[in-house]
Amino acid sequence: MIEVDPRHVAVLCREAVAMLSPHAGGIYVDATFGAGGYSRAILEVDGTRIVGIDRDRTAIAEGFDLVEQSAGRLNLVEDRFSRLADICADQGIAAVDGVVMDVGVSSMQLDQSGRGFSFRLDGPLDMRMGHAGPTAADVVANASEEELANIIHVFGEERHSRSVARTIVAARKEAPITTTRALADIVARAVKSKPGDIHPATRTFQALRILVNEELDELHLALAAAERVLKPGGRLAVVSFHSLEDRIVKNFLTERGKASGGSRHLPEVKQVAPSFRILTKRPLAPSEQEIAANPRARSAKLRAAERTAAAARASAALPAWPRLSVAIRGG
């Protein structure tokens, strides 16, 4: 019997696992393991096997109890979820029956002040999902004003991005910005808000977190990797939490869900068959009961699709949005 972890219940867990339709003997990838909510639900089906992936070694370490409970049916790997096809290949798995992804920062990470994800809890300005590479403090200290404005505009969809960037650059000349509270106070000086509005720093923190973890690049690569590793009839279920993520998932499935390559003007060009059959014409949202129990679920959307027998398509180039490497070296 798999015990339920009371600390964290995966968002849209019942719906996502229903879309996967796990069966005995099936192999599944929990590409963003976190607290293991999706893995627990899949393991409730006897005979399932799971490869759980997380770049956060804390999540991997805290998942060892579930590994023991699974009696060998769960294998955890510390890595980026963009490498899920390579990880499966390393374990001798040629194809899988399902892939589930819960995109973005986890509740556990948000609730740990030392991780620096939240302005609600003062802590070091870190924001790394893993434990290597540049921090948000490094970005704030090194990126040019123009690059900061671009990062905050593109990844945070912040209308006042130029003002925020200008205020950050002025503040860092006075003293290094190294804590979440310091940055939140600085942003609040640039973004005025009314009672009932979201915190003025919300979009800036989102933008920095996405950049530091290269989250949107990871999502693009992970979707393409899932396409390569899913067997015909295998299912993909993706839960996203903001418009940038959902747009990437929607566009990927829309493109892969239709034939391409030919037209009535160029009939000699052979059409490429759809590689996915879309299962959610519109994204599924959490119920009122789930949102009441977990307010962080309110913006979640679930999209799902079933792999066809068509060959995986070539991966497109990553979009030309802000890059971490450019920000760190000063714009």
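All of these numbers come straight from a predicted model, not from anything done at the bench.

What counts and how
- Residues numbered from 1 in each chain as written.
- Predicted model: local features only at pLDDT ≥ 70, side-chain atom pairs only at ≥ 80, totals over all residues.
- Heavy atoms only, no water.
- Helix = DSSP H or I, 4+ residues; strand = E, 2+ residues; numbered from the N terminus.
- Buried < 20%, exposed > 50% of the residue type's maximum accessible area, 1.4 Å probe, protein only.
- Lys, Arg positive; Asp, Glu negative; His and termini not counted.
- Salt bridge = Lys/Arg side-chain N within 4 Å of Asp/Glu carboxyl O.
- Polar contact = N/O pair within 3.5 Å; in protein donor to acceptor, adjacent residues only side chain to side chain.
- Contact = heavy atoms within 4.5 Å.
- Pairing = 2+ DSSP bridges.
- Phe/Tyr/Trp six-rings, centres within 6.5 Å; stacked < 30°, edge-to-face > 60°.

Engineer: Describe unusual backbone geometry, with residues and values.
Structural biologist: Even without glycine at this site, Ala71 takes up a positive phi of about 55°. As for its placement among the helices and strands, Ala71 is situated in the loop between α4 (64-69) and β3 (74-78). Judged by its relative accessible area of 69%, Ala71 is exposed. In the Ramachandran plot, Glu214 falls in the positive-phi region, its phi being about 50° despite a non-glycine side chain.

Engineer: Summarise the side chain of Asp30; cite the residues concerned and give the values.
Structural biologist: For Asp30, the position within the fold is in strand β1 (residues 27-30). Buried Asp30, no salt bridge; nearest opposite-charge side chain is Arg40, N-O distance 7.9 Å. One polar contact links Asp30 to Ser39, side chain to side chain, over a distance of 2.7 Å. If we skip the residues at most four places from it in the chain, Asp30 touches Tyr38, Ser39, Ile50, Val51, Gly52, Ile53 and Val100.

Engineer: An account of the pattern of salt bridges is requested, with residue identities and associated values reported.
Structural biologist: Within the structure shown, the criterion is met by 16 salt bridges. The closest approach of N and O atoms between Asp217 and Arg323, which form a salt bridge, is 2.3 Å. Taken together, the residues span a long stretch of sequence, with Asp217 in helix α12 (residues 215-229) and Arg323 in the loop between β7 (301-307) and α15 (324-328) at a distance of 106 residues. Under the relative-accessibility criterion, Asp217 is labelled buried at 11%.

Engineer: Can you break down the pairing of strand β5 (residues 230-240) residue by residue, with the values?
Structural biologist: With eight of eleven residues buried, β5 is to be regarded as a mostly interior element. When strand β4 (residues 96-102) meets β5, the two strands line up parallel, connected through six bridges. Bridge pairing in β5 links Val100 to Ala237.

Engineer: Can you lay out the packing of aromatic side chains for me, pointing to particular residues and giving the numbers?
Structural biologist: Any two aromatic rings considered together are summarised by their centre-to-centre distance and by the angle between their planes. Applying the stated criterion across every chain, the model contains two aromatic pairs. Measuring from ring centre to ring centre gives 5.9 Å for Phe155 and Trp321, while their planes differ by 70°; the resulting arrangement is edge-to-face. Highlighted residues: Phe155 in helix α8 (residues 145-156) and Trp321 in the loop between β7 and α15, separated in sequence by 166 residues. On the numbers, 6.0 Å between centres and 65° between planes, the contact of Phe252 with Phe276 is edge-to-face. You can see Phe252 sitting in helix α13 (residues 243-256) and its partner Phe276 sitting in strand β6 (residues 276-278), a full 24 residues away along the chain. The same class applies to Phe252 and to Phe276, which are both buried.

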